[in-house]
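Each chain, written out:
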Amino acid sequence: MKEKFHLTDNVAILNFDLALPDTKSGLLKSEEFKAFALRYMDYLRTHDTDLYEWAAAGKSDKEAVEDLCRLGRMILVFDIQEVSSPYLDGTDNALNFVEGIFNYWKDHQRYSITTNRLSDTESTVFVNQDSEFNQLIRNTFRKIEQSLSGHPNKIFRQQPAGTNAAIACYMNSSIHLSERYHFLKEIMFIDSVMLRTPTILHPKSNKREGLFEKTLKNPAFTFSGDPAEYFCYPAKVGELLFFICFHRDYMANGISCANLFELATPEEASQKPDGIVLFGNPDGQGQCTFYHDQDEDLWVGSVSSSEKIEYFGYMKKMVLTLHNVAMMQRGWLPIHGAFINVILKSGKSKGICLMGDSGAGKSETIEALKSLGNDKIQKLEIVFDDMGTFHIEDGVPVAQGTEIGAFVRLDDLDPGAPYRDINRSIFFNPDQANARVITPAAPYSLITRNHKIDLFAYANNYDDKQGLRQFEDLGEARETFVKGIRMAKGTTQETGLSETYFANPFGPMQEQEKCEPIIEEMFQCLKKNNVFIGEVYTHLGLNPEGDDIKDAAKALLEFIENN
């Protein structure tokens, strides 16, 4: 990013390499603060006419901002009784203006970036810089507020006053790809991320729509974005490496990857990637597409820039779609589901996998299992919460994960669950329907190990049957999993009963010919290894608010105890 300050209606990014105020007076004198104050004046013109007219006082917005900033600097130095200004007219307008601009600042998604990292020993410099800025903003506001109110504060709330997050970046000159991907060398790669948690973000979109379609045109050929306006989160997704390139206006999506995907080191990011995501592509197509560059054996995904893609699901699912099609090339089977290792206090342990599309009840069943088996379960390891893979090693089917975190609906969790990890979580629109949270779930070393599969069950949310059923006929089992029937819960644009190939619209549905033989081989292997293949009845499509899911959890716990 070449500018000192990037500002939109809801995003503010400070480039600490070029602009880092270190005094209260310097903050109010900076061009960056004045630019923000002008934006606030424009906001007041629409939302608070009376306060706007008081602030403008018949002058242009620019002149008014200059005068108000000058007044602020005087208040920082002198006692309020020694300051003479028409703005100090005996009303509460000055105090309302100061409190209003502070709240307007906090309503923005706020980030700092820096590339000032000379060595690994200084890896926390960017954190210290951001923390000092946070304290500067808070102290400046507090000093002016106390002077205008005429009395010292008695209650101090140490809220995040500066930024929501900070990133340290570097330029990656070791891109082992042809010149068609030259723009990657001009994009800043993320080396480290600092999150002020709990991080609460308010994207304009709260639901994903449409599908990811395979295209015959490489999006990289027509990419016209300015690389200086993009960042790259080099992500380790399972065993693969992906360059997630996102426009700065979607910084919330990019930094949220830190809670979901393992961040690759500069050394790891110097290797050839398995895929590239162009997120916020200014192609004007309004599409989510992916392409296979066979010459370089590289998958390229593109998500067109639009307001709706602020929903994090667009980034997450594009990355996982690329992962899935790449893994199918290796003969691995993508699983849209959840896999947990349940270790009982008795010492018995089982690898449990529940498969199903969004809203089938995977996460809810696991949460119910945790609660129901609280006095019996010693440990529960989450290998994957949304997407993973099965593959065959030495004739045995094993599972691996893709993500180090879980991106789940708040409504799908036990009421206390979001608060157990609140100090590490990122929340999206927690006050709205379909609110989501990203919570760290498992270390990277765990998700990339091979895990034994003891039970593979389809999450059936549409039948009124109870508990857990084992398939006697492998053909019936395969047909149930492949049809992917579910009752939509409203987490996407779908409603009612629907079918999705192998319950996975993120790769297998688009590449059915490639997926079909892998499914056949895997089911034969599962049967040969005496893996329990069945379906668990969650009832979420029939009775979303009921306790029927406890029957499913109880059946799973009985399986773990008795097998």
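Here the structure is a predicted model, which is why all the values come from computation and not from measurement.

1. Thoughts on the environment of W105
(1) Moving on: Residue placement: W105 occurs in helix 5 (residues 93-107).
(2) Moving on: Note on W105: relative accessible area 9%, which makes it buried.
(3) Moving on: The sequence separation of W105 and G162 amounts to 57 residues, and the corresponding C-alpha distance is 8.7 Å.
(4) Moving on: In this view, W105 contacts F5, A12, L14, F36, R110, F133, I137, A161 and G162; residues no more than four positions away in its chain are not counted.
(5) Moving on: Polar contacts involving the side chain of W105 include one to the main-chain carbonyl oxygen of G162, which spans 3.3 Å.

2. So, the side chain of E511
(1) Moving on: As for its placement among the helices and strands, E511 is situated in the loop between strand 26 (497-499) and helix 15 (512-528).
(2) Moving on: With a relative accessible area of 10%, E511 lands in the buried category.
(3) Moving on: At 3.3 Å, the side chain of E511 and the side chain of K214 are in polar contact.

3. A closer look at helix 3 (residues 49-56)
An α-helical turn contains 3.6 residues, so any two residues separated by three or four positions project in the same direction.
(1) Moving on: Those residues of helix 3 that sit buried are L51, Y52, W54, A55 and A56.
(2) Moving on: Where the residues of helix 3 are buried, they touch helix 2 (31-47), helix 4 (61-77) and helix 5.

4. Remarks on the packing of helix 2 against helix 4
(1) Moving on: Running from N to C, helix 2 and helix 4 cross one another at 120°; their axes reach a closest spacing of 10 Å. Judged by the inter-axis angle, helix 2 sits oblique to helix 4. Judged by the twist between their axes, the crossing of helix 2 over helix 4 is right-handed. Contacts between helix 2 and helix 4 involve F33, K34, A37, L38, M41 and R45 on the former and, on the latter, D61, K62, A64, V65, E66 and C69.
(2) Moving on: Of the residues belonging to the contact of helix 2 with helix 4, the class tally is seven nonpolar, no polar and five charged.

5. Observations regarding the nonpolar core
(1) Moving on: Ranked by internal contacts, the top residues of the largest apolar core, which has 84 residues, are F261, F390, F456 and F502.
(2) Moving on: With 11 residues, helix 10 (residues 312-329) is the single largest residue contributor to this core.
(3) Moving on: Ignoring any residue separated from it by four or fewer positions in sequence, one finds F390 in contact with W332, L333, I335, F339, C353, V398, A399, I453, F456 and M522.
(4) Moving on: Counting residues in hydrophobic clusters, the runner-up holds 39 residues, among them L7, A37, L76 and L136.

6. Here's the deal with the sheet that holds strand 21 (residues 436-440)
(1) Moving on: Within the open sheet, the four strands sit side by side as 6-20-21-19. Their pairing is mixed. The open sheet is flanked by strand 6 (199-201) and strand 19 (405-409), the only strands paired with a single partner. Each strand of the sheet is rotated relative to its neighbour by a mean of 20°, with strand direction disregarded.
(2) Moving on: In the sheet, strand 6 pairs with strand 20 (residues 426-428) via three bridges, with the strands oriented parallel. Bridged to L201 within strand 20 is F428.

7. Notes on the environment of G100
(1) Moving on: Along the chain, the position of G100 falls in helix 5.
(2) Moving on: G100 gets classed as buried once you look at its relative accessible area, which sits at 18%.
(3) Moving on: Here the alpha-carbon distance between G100 and R138, two residues 38 residues apart in the chain, equals 14 Å.

8. Looking at the pattern of salt bridges
(1) Moving on: Within the structure shown, the criterion is met by 31 salt bridges.
(2) Moving on: A salt bridge links D9 to R39; the shortest N-O distance between them is 2.8 Å. Here D9 is found in the loop between strand 1 (5-7) and strand 2 (11-15), whereas its partner R39 is found in helix 2, with 30 residues between them in sequence.
(3) Moving on: In this structure D9 comes out as exposed when scored by relative accessible area, which is 53%.
(4) Moving on: Linking E296 and R180 is a salt bridge whose minimum nitrogen-to-oxygen distance equals 3.6 Å. Of the two residues, E296 is situated in the loop between strand 12 (288-293) and strand 13 (298-304) and R180 in the loop between strand 4 (165-171) and strand 5 (188-195); the sequence distance between them amounts to 116 residues.
(5) Moving on: Owing to a relative accessible area of 29%, R180 belongs among the partly exposed residues under this scheme.
(6) Moving on: One salt-bridge network, in which partners are shared between bridges, spans R180, D293, D295 and E296.

9. Some words on unusual backbone geometry
Backbone geometry follows two general trends: most residues other than glycine have a negative phi, and most peptide bonds adopt the trans configuration.
(1) Moving on: With an omega of 0°, the peptide bond running from T197 to P198 counts as cis.
(2) Moving on: Residue position: P198 is located in the loop between strand 5 and strand 6.
(3) Moving on: Although it is not a glycine, N429 adopts a positive phi angle of roughly 45°.
(4) Moving on: With respect to the secondary-structure elements, N429 resides in the loop between strand 20 and strand 21.
(5) Moving on: In this structure, H539 takes a positive phi of about 65° despite not being glycine.
(6) Moving on: Tracing the backbone through its elements, the reader meets H539 in the loop between strand 27 (532-537) and helix 16 (549-562).
(7) Moving on: Residue classification places H539 among the buried residues on the basis of a relative accessible area of 4%.

The rules we used
Residues numbered from 1 in each chain as written. Predicted model: local features only at pLDDT ≥ 70, side-chain atom pairs only at ≥ 80, totals over all residues. Heavy atoms only, no water. Helix = DSSP H or I, 4+ residues; strand = E, 2+ residues; numbered from the N terminus. Buried < 20%, exposed > 50% of the residue type's maximum accessible area, 1.4 Å probe, protein only. Contact = heavy atoms within 4.5 Å. Polar contact = N/O pair within 3.5 Å; in protein donor to acceptor, adjacent residues only side chain to side chain. Axes fitted to C-alpha atoms, helices over the stretch in contact; angles between N-to-C directions. Parallel < 35°, antiparallel > 145°, perpendicular 65-115°, else oblique. Left-handed = near helix turned anticlockwise from the far one by under 90°. Nonpolar A, V, L, I, M, F, W, Y, C, P; charged D, E, K, R; others polar. Core = buried A, V, L, I, M, F, W, Y, C linked by side-chain atoms within 4.5 Å. Pairing = 2+ DSSP bridges. Salt bridge = Lys/Arg side-chain N within 4 Å of Asp/Glu carboxyl O.

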